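Listed below are the residues making up each chain.
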Amino acid sequence: MTEQEFENLLRQSGAALVPDAERVKRAVYREAAGKERRHGAFPRKAAVAFALAVAVLSGTAFAIGSLFRTGHTTERYLATVPEARETVPSLEAAIGGAAPEETSYRVELVGEYTGGLADYEREYNESIPRDRIASGFAPYDPAEYAFLRGIVPRAEEVYYDGARLTVNTVLTTDRAGDFRSGLVGDLPHARNLDATTFGALLTDAAGNAVDLLALSGGLTTGIYAAHETNDAVDGVRLSTEFGDLARPLPDGRLTLTLLYYVYDGAIDDMSYLGNIGRIVHTFTFDATEGNRSAVLAAAPAALGTGEALLTVFAFDEETKTYVLYNDHIALDELRLTATVQYTPGGAVAEVRAEMPGDWTKDKQRSVFYGLDSGIRFTVRINGEDLGEATELDSSLDCVRLELPVVAEDYGTIRSVELVPVLRTLTSVRVSEGTDADAPFETVPVPTAGAGEPIRPRTPDTVFQVAEENVSQTPLSGCAVVLPLPRG
């Protein structure tokens, strides 16, 4: 395993290695390279279940208590069919303000891809029919997939807040039952079709191209529900998310073209070989209102004095694998800085850690990106601790969090704080087998200098982290005080 593969492993396992007092078995050393993550629409860490009653925040008029209870994030809200949502009026107003308007669409089968709208158009046209036969599948027959021409796309919702852009599309079709039943309910299906957004083209009101994919670092997409009219399923819902925009989009009406590729799961739902056709869908939306969310800076916060134990998940150059151990850190060597953006969907805070220059990369990374360890944040509003903030993503020295603070409650909020909590692993449960019933052994996590770090003994080593194996140290005196929302 190379160090880059180790980085990939952390990114894959970071979403999966969550505490579970029951039996959750998570692989952390398994095929770190060579696996493309399929277009999962909604990856990242699961929400914490918040058990606080609305009465805890007696001064709030609307949302904070109930939205914390349900683990609200903008992403989850948009991934819920509109009729099943706990409606947030300000968020719905933002969705309505984008006002998508249809422009055009066309459906193309393999062999018809034209226009230079994506890489490999000519290669797809030529290689898919040839390679299907070479791989032992039936020849590509356009007549077999002619039903795709009956699909009509519609941009049902567009959400834009200056930092994130999400488009919920309805693909209307009388063949909804042919799409993946695991994603659209228990519909009978004949083909196990999948649809995903393959590319995007954006132009501003003056016709200038905006490199949306470069601006956002890519996209995630996936079918997330069936679409029903009068209790009859007549399509599928597709969600396309462009997150972490490096800068806001231009004001005014923008024109967005999305390329939806359809795959036949009976052939292959992960590579070009299963591609059977695509839809070129163009519509406009208004980005003006979404650019009104200001980014506010918080005052720096020191973590205090004294020492604490940090669980380090490190790459060992000698053995080319990872090791696990605890190490002493001086709290006064760490300082946190933060910004917050109050968007219609919630408050998005970005917290950065300033760390000593002599810390190793692994030690720095373990502050926010450990093995379900390191610093997490409790949300404290009006002096009341509500629960753990939902993590959107993290990197070497930065974590992005979302708090369900929406416009309906701005008038009742007197303070918003993020209280750092240091999670240290006292022990982990280790299994060397791939079988779900393979036995686990509880192994104490040693402190640096006082014992050998934990190492995987085989490529199939699996760790289980349970809450009883975690020591939590709230650093209550060093909360990050966020600026209050304006308005």
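In this text the structure is predicted, and so the values were computed from the model without any measurement.

Engineer: Before we go on, may I ask you to explain the overall build of the protein in this structure?
Structural biologist: Along the protein, the regular secondary structure elements total seven helices and 26 strands. Residue pairs in contact within the protein that sit at least 24 positions apart in sequence constitute 71% of those at least 6 positions apart. Total accessible area on the protein is roughly 20,600 Å²; 50% of this is exposed by carbon and sulfur atoms.

Engineer: Which parts of the structure should I look at to understand the sheet that holds strand β4 (residues 165-172)?
Structural biologist: The antiparallel open sheet is built from four strands, whose spatial order is β3-β4-β8-β7. Each edge of the open sheet is held by one strand with a lone partner, namely β3 (152-160) and β7 (220-229). Going across the sheet, the axis of each strand differs from the next one's by a mean of 25°, ignoring polarity.

Engineer: Help me out: how do you make sense of the environment of Thr-426 in this one?
Structural biologist: Its place among the elements puts Thr-426 in the loop between β21 (416-425) and β22 (427-431). By relative accessible area, which is 41% here, Thr-426 ends up partly exposed. For the pair Thr-426 and Tyr-325, spaced 101 residues apart in the sequence, the C-alpha separation amounts to 9.5 Å. With residues near it in sequence (within four places) discarded, Thr-426 still touches Pro-444, Val-445, Glu-468, Asn-469, Val-470 and Ser-471.

Engineer: Where do I start with the packing of aromatic side chains in this structure?
Structural biologist: To describe a pair of aromatic rings, one takes the distance between the centres and the angle between the planes. In this structure the tally under the stated criterion is 10 aromatic pairs. A ring pair is formed by Phe-313 and Tyr-322, whose centres lie 5.0 Å apart and whose planes are at 45°; its orientation type is tilted. Relative accessible area serves as the criterion here: at 2%, Phe-313 is assigned to the buried category. Owing to a relative accessible area of 0%, Tyr-322 belongs among the buried residues under this scheme. Linked through ring pairs, Tyr-113, Tyr-124, Phe-198, Tyr-261 and Tyr-272 together constitute an aromatic cluster. Between Arg-175 and the ring centre of Phe-147, over which it is positioned, the NZ or CZ distance is 4.1 Å. The ring of Trp-359 carries Lys-363 above its face, with NZ or CZ at 4.8 Å from the centroid.

Engineer: I tried to follow unusual backbone geometry on my own but got confused; where do I start?
Structural biologist: Leaving glycine aside, a negative phi is the common case for residues, and trans is the common case for peptide bonds. Backbone geometry at Ala-99 places phi at a positive 45°, although glycine is not the residue there. Along the chain, the position of Ala-99 falls in the loop between α4 (89-98) and β2 (101-109).

Engineer: How do you make sense of the environment of Tyr-342 when you look at a structure like this?
Structural biologist: For Tyr-342, the location among the structural elements is in strand β15 (residues 335-343). Tyr-342 sits 61 residues away from Leu-403 along the chain, and the two C-alpha atoms are 9.2 Å apart. Those residues in contact with Tyr-342 that sit more than four places away from it in its chain are Ser-293, Ala-294, Leu-296, Ala-347, Val-405, Tyr-410, Val-416, Leu-482, Pro-483, Leu-484 and Pro-485. Within the structure, the side chain of Tyr-342 is placed 2.6 Å from the backbone oxygen of Pro-483, a separation counted as a polar contact.

Engineer: Quick question: what am I supposed to make of the layout of surface pockets here?
Structural biologist: Left-over empty space is what a probe sized like a water molecule reveals as it rolls over the atoms. Of the volumes computed, that of the second largest pocket is approximately 370 Å³. At the level of secondary structure, the elements contributing two or more residues to the lining of the second largest pocket comprise α4 and β15. At five residues, α4 tops the list of elements feeding residues into the lining of the second largest pocket. Taken together, the residues of the lining of the second largest pocket break down into 12 nonpolar, five polar and four charged.

Engineer: Is there a simple way to explain the confidence of the model for the protein in this structure?
Structural biologist: Should the pLDDT be low somewhere, the predicted coordinates at that spot are not to be read in detail. The share of residues in the protein with pLDDT of 70 or more is 83%, and the mean pLDDT across the chain is 81. The low-confidence segment residues 9-61, where pLDDT is below 50, has 139 contacts with residues more than four positions distant or belonging to other chains. Confidence over residues 182-187 falls short of pLDDT 50; this stretch has 14 contacts with residues more than four positions distant or in other chains.

Engineer: Explain α4 to me, please; I cannot follow it from the model alone.
Structural biologist: One turn of the α-helix equals 3.6 residues, which is why residues spaced by three or four share an orientation. Every buried residue of α4 is listed here: Ser-90, Leu-91, Ala-94, Ile-95 and Ala-98. Angularly, the buried residues of α4 cover 145° about the axis, an arc narrow enough to put them on a single face. For α4, exposure combined with an orientation more than 90 degrees from the buried face picks out Ala-93 and Gly-96.

Engineer: What am I meant to see in the pairing of β22 here?
Structural biologist: Within a regular beta strand, the side chains point alternately toward one face of the sheet and then the other, so they alternate between its two faces. Most of β22 is tucked away, with four of its five residues classed as buried. Bridging between β22 and strand β23 (residues 441-444) involves four bridges; their strand directions are antiparallel. Within β23, the residue paired with Val-428 across the bridge is Val-443. Two strands pair when backbone bridges link them, and β22 and strand β24 (residues 462-464) are joined in this way by three bridges, in the antiparallel orientation. From the neighbouring strand, Ser-431 faces β24, where its bridge partner is Val-462.

Engineer: Mind showing me how you'd approach the sheet that holds strand β5 (residues 193-203) here?
Structural biologist: Note: strands within a sheet are paired through backbone hydrogen bonds, in either parallel or antiparallel orientation. Here five strands make up an open sheet; going across it, the order is β2-β10-β9-β5-β6 and the pairing antiparallel. Here the strands that pair on one side only, and so sit at the sheet edges, are β2 and β6 (209-210). Where strand β9 (residues 253-264) and strand β10 (residues 275-286) come together, 11 bridges link them in antiparallel fashion. In the sheet register, Tyr-261 faces β10, and the bridge partner there is Arg-278. Sitting on the sheet, helix α5 (residues 121-134) is in contact with β5, β9 and β10, with an inclination near 150° to β10.

Engineer: Is there a simple way to explain helix α7 (residues 361-368) in this structure?
Structural biologist: Summarising burial for α7: seven of the eight residues are buried, a large majority. Where α7 is concerned, the buried positions are Asp-362, Lys-363, Gln-364, Arg-365, Ser-366, Val-367 and Phe-368.

Engineer: Got a minute to help me understand the nonpolar core in this structure?
Structural biologist: Where a protein is soluble and globular, its nonpolar side chains tend to be buried together. Core analysis: the largest hydrophobic core is formed by 49 residues, its most contacted members being Leu-148, Leu-212, Leu-249, Leu-256 and Phe-285. At eight residues, the largest contribution of residues to this core is made by β9. Aside from chain neighbours lying at most four places away, what touches Leu-256 is Val-167, Ala-200, Leu-201, Leu-202, Leu-212, His-281, Thr-282, Phe-283 and Phe-285.

What counts, and where the lines are drawn
- Residues numbered from 1 in each chain as written.
- Predicted model: local features only at pLDDT ≥ 70, side-chain atom pairs only at ≥ 80, totals over all residues.
- Heavy atoms only, no water.
- Helix = DSSP H or I, 4+ residues; strand = E, 2+ residues; numbered from the N terminus.
- Contact = heavy atoms within 4.5 Å.
- Areas by Shrake-Rupley, 256 points an atom, 1.4 Å probe, with all protein chains shown as cover.
- Pairing = 2+ DSSP bridges.
- Axes fitted to C-alpha atoms, helices over the stretch in contact; angles between N-to-C directions.
- Buried < 20%, exposed > 50% of the residue type's maximum accessible area, 1.4 Å probe, protein only.
- Phe/Tyr/Trp six-rings, centres within 6.5 Å; stacked < 30°, edge-to-face > 60°.
- Lys NZ or Arg CZ within 6 Å of the ring centre and 35° of its normal.
- Polar contact = N/O pair within 3.5 Å; in protein donor to acceptor, adjacent residues only side chain to side chain.
- 1 Å grid on protein atoms, 1.4 Å probe; cavity = no way out; pocket = protein on both sides within 12 Å on 5 of 7 lines; lining within 4 Å.
- Points joined across faces, edges and corners; volume = space filled by probe spheres on them.
- Nonpolar A, V, L, I, M, F, W, Y, C, P; charged D, E, K, R; others polar.
- pLDDT = per-residue confidence, 0-100.
- Arc of directions from axis to C-beta.
- Core = buried A, V, L, I, M, F, W, Y, C linked by side-chain atoms within 4.5 Å.

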